[in-house]
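# Notes for the structure review
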Amino acid sequence: MNSTIALFGSLFVNIVLLCVLAYLIYLIFRIILVTVLAIVASKTKTKFDDLLIDNKTAKYIAYLIPFLFIYISVPIILKDFVKWEALFGKLVEIYIIILTLWIVRSILKSFRDYLKQQQKYSDKPIDSYVQVIMIVLWMYGIVVIIYEIFDVNRTTILGTLGAISAIIILIFRDTILGFVASVQVSLNDMVRIGDWITFDKYGADGDVIEINLATVKVRNFDNTTTTIPTYSLISDSFRNWRGMLDSDGRRIKRHILVKAKSIRFLTEVELQNLKKIQLVSKYIEERQAQIDKYNKTYNVDKSLSINGRNMTNFGLFRKYITNYLEYYPGLNHNMILLCRQLQPTAQGMPLEIYVFSKDQSFEQYEYIMADIFDHIIASIVYFDLEIYELPTDRNASI
């Protein structure tokens, strides 16, 4: 009885000493590793070692070393307690496996953050690849842990996992689809981090800030965040504005509705008055000379305006707007510049502007478009044209 008590007493003392030594080893190696890594990080130009510090890689390694010491010491301390030795040995092994995975995870996170800082990889879905690697490592770690706990053959475990692969695929369906989508998105260059996308199905309209295995995060222009399933990028339709931002101009395509009854032929007196408008004065002279020549050649009876060739207020206004756009400084004149009429509607005759602004930024784009249409609306009255508006009570009374 006394020998058993003495044996347990010495065991208790040994365990206490082992814990104290392990803690001292942890403190020593934590100070050494953290200090050395900090010194190295301050001396080198690369940011990778700084990221290792931020992700606490040195601290995790400092945790691992004392547990390796405990793992080696347990068979010696518990040599007279076989069952306890097996139990504590397995617990320490499991903790070492989990801690090793955490160290690998911190290194991968540092590598991910480092690549994101590189211009070449800043717009790539690095998170997705890191997550896939970690999923594979965790699955392997779980297999090893099961093997250590139950002493099951690893081949048997892998065979069992293969047999229940359908259930595994069902459980990890979103993860698998997300990985496939991430690869396709990256290979086909469909979306990059920083792209402006519009996804009506999910109410997303803003910049992509993150692409990972399961979701794509979009910061909308109202500073809200929309989360989109990664797989939807290849299964649904969305709009990516990158091509517009990378081009030399942003398209302005907008129209006004002109009342059809206000469109008519112009008289000689009206043409003389309209010559005072500098942007069309030369055009009126040249065009009128061509019309007079045609009418004289074919002996046209001009007692009625409909006979022969004539200028209309709507046609002249289109020419005026075309000339105005050609001189407008905010437009890219190397791209399409057009003022055209569209198919007539029940509300009137659409007059559309189809041009490209030099500045693609949202603020300047809106300013340029508003400035152009301010001028169009203000100048249309000089050509005796009217813009269609829904009737109001005030208009009805007038």
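Residue positions within a chain follow its written sequence, with the count starting from 1. With pLDDT at 70 or above as the cut-off, local features in this predicted model cover only qualifying residues; side-chain atom pairs require 80 or more to be listed or tallied, and sums for whole chains, interfaces and linings still use all residues. Hydrogen atoms and water are omitted, and side-chain values are computed over all heavy atoms in the structure.

## Side note on the sheet that holds strand β8 (residues 349-357)
DSSP calls a pair of strands paired once it identifies at least 2 bridges connecting them. Helix numbering and strand numbering both begin at the N terminus, where a helix is a DSSP run of H or I of at least 4 residues and a strand a DSSP run of E of at least 2. Taken in spatial order, the 3 strands line up as β6-β8-β7 in an open sheet, and their pairing is antiparallel. Of all strands in the sheet, those with a lone pairing partner are β6 (250-258) and β7 (338-341), marking the two edges. Adjacent strand axes in the sheet meet at a mean angle of 20° when their direction is disregarded. Relative to β8, β7 runs antiparallel, the two sharing 4 bridges. Following the sheet pairing, Gln-341 is matched in β8 by Leu-351. The criterion used for residue contact is that any of the two residues' heavy atoms lie within 4.5 Å. Fitted lines through C-alpha atoms give the axes, limited to the stretch in contact for helices. The angle between two N-to-C directions lies from 0 to 180 degrees. With respect to the sheet, helix α13 (residues 313-327) is in contact with β6, β7 and β8, its orientation differing from that of β8 by roughly 10°. Where helix α14 (residues 362-379) meets the sheet, its contacts fall on β6 and β8, and the angle it forms with β6 comes to roughly 30°.

## Quick notes on the side chain of Glu-93
Counting through the fold element by element, Glu-93 comes out in helix α4 (residues 82-116). For Glu-93, a relative accessible area of 17% gives the class buried. Apart from residues lying up to four places away in sequence, Glu-93 is in contact with Tyr-71 and Glu-148. Partly exposed describes any residue whose relative accessible area lies between the buried limit of under 20% and the exposed limit of over 50%, with all areas from a 1.4 Å probe on protein chains only and scaled to the type maximum.

## Remarks on the sheet that holds strand β1 (residues 196-199)
Sheet architecture is open: 5 strands sit in the order β4-β3-β2-β1-β5, paired in antiparallel fashion. Either end of the sheet is taken by a strand with one partner, and the two such strands are β4 (225-229) and β5 (239-240). Note that strand β2 (residues 204-211) and strand β3 (residues 215-220) share 5 bridges and pair antiparallel. Each residue of the ladder has a partner; that of Gly-206, found in β3, is Asn-220.

## Digging into unusual backbone geometry
Not every positive phi belongs to a glycine, and Asn-223 is a case in point at roughly 70°. Within the element layout of this structure, Asn-223 appears in the loop between β3 and β4. One non-glycine residue, Asn-299, adopts positive backbone phi at about 50°. Its location among the elements puts Asn-299 in the loop between α12 (278-297) and α13.

## A closer look at α14
Taking 1.5 Å of rise per residue, the 18 residues of α14 would be expected to cover 26 Å, and the 26 Å separating its terminal C-alpha atoms lies within 8% of that figure. All of the buried residues along α14 are Tyr-365, Ile-368, Met-369, Ile-372, Phe-373, Ile-376 and Ser-379. Down the axis of α14, the buried set is contained in an arc of 135°. They therefore lie on one face. Along α14, exposed side chains directed more than 90 degrees from the buried face belong to Glu-363, Tyr-367 and Asp-374. On its buried side, α14 packs onto β6, α13 and β8. The span you would expect from a helix comes to 1.5 Å times its residue count less one. In this context, the arc is that of the directions from the helix axis out to the C-beta atoms.

## Here we look at the pattern of salt bridges
Take a side-chain nitrogen of Lys or Arg and a carboxyl oxygen of Asp or Glu: if they are within 4 Å of each other, that pair is a salt bridge. Counted under the stated rule, the structure contains 9 salt bridges. Note that Asp-113 is salt-bridged to Arg-112, the shortest N-O span being 3.1 Å. Per residue, the accessibility class of Asp-113 equals that of Arg-112, and both read buried. Taking the shortest distance from any N to any O, the salt bridge between Lys-253 and Glu-352 comes out at 3.2 Å. In this pair, Lys-253 is assigned in strand β6 and Glu-352 in strand β8, connecting sequence segments 99 residues apart. One salt-bridge network, held together by shared partners, links Lys-253, Arg-340 and Glu-352.

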